[in-house]
Amino acid sequence: MKKLYVSDLDGTLLRSNEITSEYTNDVINSLTEKGMIFSYATARSLVTAKKVTRGICAHIPLIVYNGAFIIDNATEEILAANYFDKTVLEILDELFQNEIYPIVYAYIEGREKFSFVPEKCTGGMISFLDSRKGDIRTNAVLTPEALKEGEIFYITCIDEPEKLEPLYEKYRDSYHCVYQKDIYTKEQWLEIMPRAATKANAITQLKEMLGCDRLIVFGDGKNDIDMFEIADESYAVRNAHEELKKKATAIIGSNDEDGVAGWLEQNYN
């Protein structure tokens, strides 16, 4: 029986300093060499995900942007993708009408970019963009209309809850929406993705690609609930959201205790 192991990154596989520990790297590298089929599913892009997991050498497909893409870790080839259709323009127009000017991720002329209007950025957006300085995907634009360019696959709004929550309630049933505070900055985020762009859908696709029979997952946040619901076994780290813990097979050590790697070392054979 082939088992697929999938972990969330932030708050789960990553420590609070936003990188994987040497112990976690050693365990995962050692076990994948022995045949363990391991991946991670994250809201991060491939660029930032590979940066914080640079000690992990496993050459396997990875799930990024909360399931918008499955990407080969070795070649960086896109194996599966979910883009918005033209209705995304209506979403952006409504955001603009509510004085929300998001960071928009899209492929523009064949290159991945995240676009934003500098003079419209909130403090939370500025903090996020400062953490991405030097990123080749950076695309500052002059007008909100320019945010509509390219094949759009991800929208990130960082603003006040009073502005974001009504839009979350409006769009949550039509699109894949994640409404939560950032675990590092505590800023309120609303992320809007195509309906099919979920961790659960991407993991199901990956499971089929790899011919696996059983799924074991690890997570910490509410956006991990969908993958917990499709898993054969699901493990919440000690620091996980209480709602996720209720869905878990068991609770394991926290992210800062390398709970995922500890569980894998003890239970993989």
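Structure: see above.
Residues numbered from 1 in each chain as written. Predicted model: local features only at pLDDT ≥ 70, side-chain atom pairs only at ≥ 80, totals over all residues. Heavy atoms only, no water.

Draft legend 1. Highlighting the packing of aromatic side chains. Applying the stated criterion across every chain yields a total of 23 aromatic pairs. Their ring planes at 25 degrees and their centres at 5.8 Å tell us that phenylalanine 218 and tyrosine 235 sit as a pair that is stacked. Here phenylalanine 218, found in strand β12 (residues 214-219), pairs with tyrosine 235, found in strand β13 (residues 233-237); they are 17 residues apart in sequence, far enough to count as distant. The same class applies to phenylalanine 218 as to tyrosine 235, namely buried. Both rings, one in tyrosine 235 and one in tryptophan 263, keep their centres 4.6 Å apart while their planes meet at 40 degrees; by these two values the pair is tilted. One end of the pair, tyrosine 235, is in strand β13; the other, tryptophan 263, is in helix α10 (residues 259-267), and 28 residues separate them in sequence. Note on tyrosine 235: relative accessible area 8%, which makes it buried. Relative accessible area serves as the criterion here: at 14%, tryptophan 263 is assigned to the buried category. Every member of this aromatic cluster is reached through a ring pair, and the members are Tyr65, Phe69, Tyr83, Tyr105, Tyr107, Phe114, Phe116, Phe153 and Tyr154. It is lysine 120 that lies over the ring of tyrosine 101; its NZ or CZ is 4.9 Å from the centre. (Phe/Tyr/Trp six-rings, centres within 6.5 Å; stacked < 30°, edge-to-face > 60°. Helix = DSSP H or I, 4+ residues; strand = E, 2+ residues; numbered from the N terminus. Buried < 20%, exposed > 50% of the residue type's maximum accessible area, 1.4 Å probe, protein only. Lys NZ or Arg CZ within 6 Å of the ring centre and 35° of its normal.)

Draft legend 2. Broad picture of the state of the cysteines. The full count for this structure, using the stated rule, is zero disulfides. The cysteine cysteine 177 is free of any disulfide, with cysteine 157 supplying the nearest cysteine sulfur at 9.2 Å. Cysteine 177 gets classed as buried once you look at its relative accessible area, which sits at 12%. (Disulfide = S-S within 2.5 Å.)

Draft legend 3. Quick look at the pattern of salt bridges. For the coordinates displayed, the defined rule picks out 20 salt bridges. Residue lysine 133 pairs with aspartate 130 through a salt bridge whose shortest N-O separation is 3.9 Å. A residue is classified by how much of its surface remains accessible, and aspartate 130, at 42% relative accessible area, is partly exposed. For lysine 163, the salt bridge is made with aspartate 159, and the minimal N-O distance between the two is 3.2 Å. (Salt bridge = Lys/Arg side-chain N within 4 Å of Asp/Glu carboxyl O.)

Draft legend 4. Spatial organisation of the nonpolar core. Counting 68 residues, the largest nonpolar core has Phe218 and Leu264 as its most contacted members. Here leucine 264 is in contact with Tyr5, Val27, Ile28, Leu31, Met36, Phe38 and Phe218, once residues within four sequence places are set aside. Leu92, Tyr101, Val104 and Ala146 belong to the second largest nonpolar core, which has 27 residues in total. (Core = buried A, V, L, I, M, F, W, Y, C linked by side-chain atoms within 4.5 Å. Contact = heavy atoms within 4.5 Å.)

Draft legend 5. Inspection of the pairing of strand β5 (residues 78-81) at higher detail. As judged from the three bridges shared by strand β4 (residues 69-72) and β5, these two strands associate in the antiparallel manner. Its bridge partner being in β5, phenylalanine 69 is matched across the sheet by alanine 81. In this antiparallel pair of consecutive strands, β4 and β5, the connection spans five residues, and glutamate 76 shows a positive phi of 65 degrees. (Pairing = 2+ DSSP bridges.)

All we've got here are geometric facts, nothing functional implied.
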